Amino acid sequence: MKYDIITIERQYATGGFEIGQILAEKLGIPYYGREIMEMAAASQEAIAMEDIERMEETVTNSLLYSLAMRAKMATNMLGLGSNQLAYLAEATVVNGLADKGSAVFIGHCAGCILRERDNVLRVFIHADDKKRRYRAITEYDIDPNAVDLVMNQFDKRRANYYKANSDKKWNDFSAYHLVLDSGEFELKECADIIATAAGWKDPSISSMNH
């Protein structure tokens, strides 16, 4: 079976985003990460671009809150919490993009959103803390004295958002088809493994028409 759509959830500083980029480039298909939030924000009327720019690095609650408040005003769904409303906006975007064809989705509960589709391969990327610390410090320029706090904060936000909008824990491996330790493989190797698991026979050649 060939999976047209690949979703990637990842621990912070595992290179999961980079793996998604490499994979999409190999397969010749689009990838979506923070673009999902941008499109969701745009769908709820102009949220300041500076808030969107900060989203990539900080993942603060301010943008989610702004998005949720606008959604509440537009739909009058006062019974829903801010995370739920943000999730609904993102789910609409993810489903719309998935309807267009093959793609790689990075984060944003995409695997959960698309779980009823048979052509979706759900992937989780993890690594041990020592290797994550090294990547965060050397590649993300995180202060060594703050690296554990940063890793924990990012992972907690992702876990809480996933849990709030699904029936699974973010790091419950049973929710995924493929779990990869990026500390044991090069990022390119991880991309190759995912491409093979997804049924793309030659990861270096795009074959969207099948």
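Just so it is clear, the model here is predicted, and its values are computed rather than measured. (Residues numbered from 1 in each chain as written. Predicted model: local features only at pLDDT ≥ 70, side-chain atom pairs only at ≥ 80, totals over all residues. Heavy atoms only, no water.)

Moving on to the overall build of the protein. Helix and strand counts for the protein stand at 9 helices and 5 strands. Along the protein, helices (α) and strands (β) appear in the sequence β-α-β-α-α-α-α-β-α-β-α-α-β-α when read from the amino end. The burial tally for the protein puts 47% of its 210 residues in the buried class. Partitioning the contacts of the protein with sequence separation of at least 6, the portion at a separation of at least 24 is 70%. (Helix = DSSP H or I, 4+ residues; strand = E, 2+ residues; numbered from the N terminus. Buried < 20%, exposed > 50% of the residue type's maximum accessible area, 1.4 Å probe, protein only. Contact = heavy atoms within 4.5 Å.)

This part is about the nonpolar core. Formed by 26 residues in total, the largest nonpolar core has its most connected members in Val-94, Phe-105, Leu-114 and Tyr-162. Elements with a contribution of two residues or more to this core: α2 (34–43), α5 (82–100), β3 (103–106), α6 (110–113), β4 (120–126) and α8 (147–164). Per element, the largest residue contribution to this core is 8 residues, and it comes from α5. Residue contacts for Val-94: discarding those within four places in its chain leaves Ile-36, Phe-105, Ala-110, Ile-113 and Leu-114. In this structure, Phe-17, Leu-180, Ala-195 and Trp-200 belong to the second largest nonpolar core, which totals 23 residues. (Core = buried A, V, L, I, M, F, W, Y, C linked by side-chain atoms within 4.5 Å.)

With that settled, consider the packing of aromatic side chains. Inspection of every chain in the model, using the stated rule, returns 7 aromatic pairs. Aromatic pair Tyr-12 and Phe-154: ring centres 4.5 Å apart, planes at 25°, arrangement stacked. Of the two residues, Tyr-12 sits in the loop between β1 (5–10) and α1 (16–27) while Phe-154 sits in helix α8, which places them 142 residues apart along the sequence. When sorted by exposure, Tyr-12 lands in the same class as Phe-154, which is buried. (Phe/Tyr/Trp six-rings, centres within 6.5 Å; stacked < 30°, edge-to-face > 60°.)

Here we take up the environment of Arg-122. Take Arg-122: it is sitting in strand β4. On a C-alpha basis, the gap between Arg-122 and Leu-178 in space is 6.5 Å, while along the polypeptide they are 56 residues apart. With near-sequence residues (within four places) excluded, Arg-122 lies in contact with Thr-7, Gly-111, Arg-115, Ala-175, Tyr-176, His-177 and Leu-178. Reaching out from Arg-122, the side chain makes a polar contact with the backbone oxygen of Ala-175 at a distance of 2.8 Å. (Polar contact = N/O pair within 3.5 Å; in protein donor to acceptor, adjacent residues only side chain to side chain.)

Turning our eyes to something else, we now look at the pattern of salt bridges. Opposite charge on two side chains permits pairing when their charged atoms draw close. Throughout the structure, instances matching the rule amount to 9 salt bridges. For the salt bridge of Asp-155 with Arg-132, the shortest nitrogen-to-oxygen distance reads 2.4 Å. Of this pair, Asp-155 sits in helix α8 while Arg-132 sits in helix α7 (residues 129–139); the two residues are 23 residues apart in sequence, bridging distant segments of the chain. Residue classification places Asp-155 among the buried positions, given a relative accessible area of 11%. Classification of Arg-132 by relative accessible area gives buried; the value is 3%. (Salt bridge = Lys/Arg side-chain N within 4 Å of Asp/Glu carboxyl O.)

We now examine the packing of α1 against helix α9 (residues 187–197). Relative to each other, α1 and α9 sit at 55°, their axes nearing to 9 Å. Judged by the angle between their axes, α1 and α9 are oblique. Judged by the twist between their axes, the crossing of α1 over α9 is right-handed. Contact residues: α1 offers Glu-18, Ile-19, Ile-22, Leu-23, Lys-26 and Leu-27, while α9 offers Leu-187, Lys-188, Cys-190, Ala-191, Asp-192, Ile-194 and Ala-195. (Axes fitted to C-alpha atoms, helices over the stretch in contact; angles between N-to-C directions. Parallel < 35°, antiparallel > 145°, perpendicular 65-115°, else oblique. Left-handed = near helix turned anticlockwise from the far one by under 90°.)

Tracing the backbone shows Met-39 in helix α2. Separated by 50 residues in the primary sequence, Met-39 and Ala-89 have C-alpha atoms spaced 8.8 Å apart. Apart from residues lying up to four places away in sequence, Met-39 is in contact with Tyr-32, Val-93 and Leu-97.

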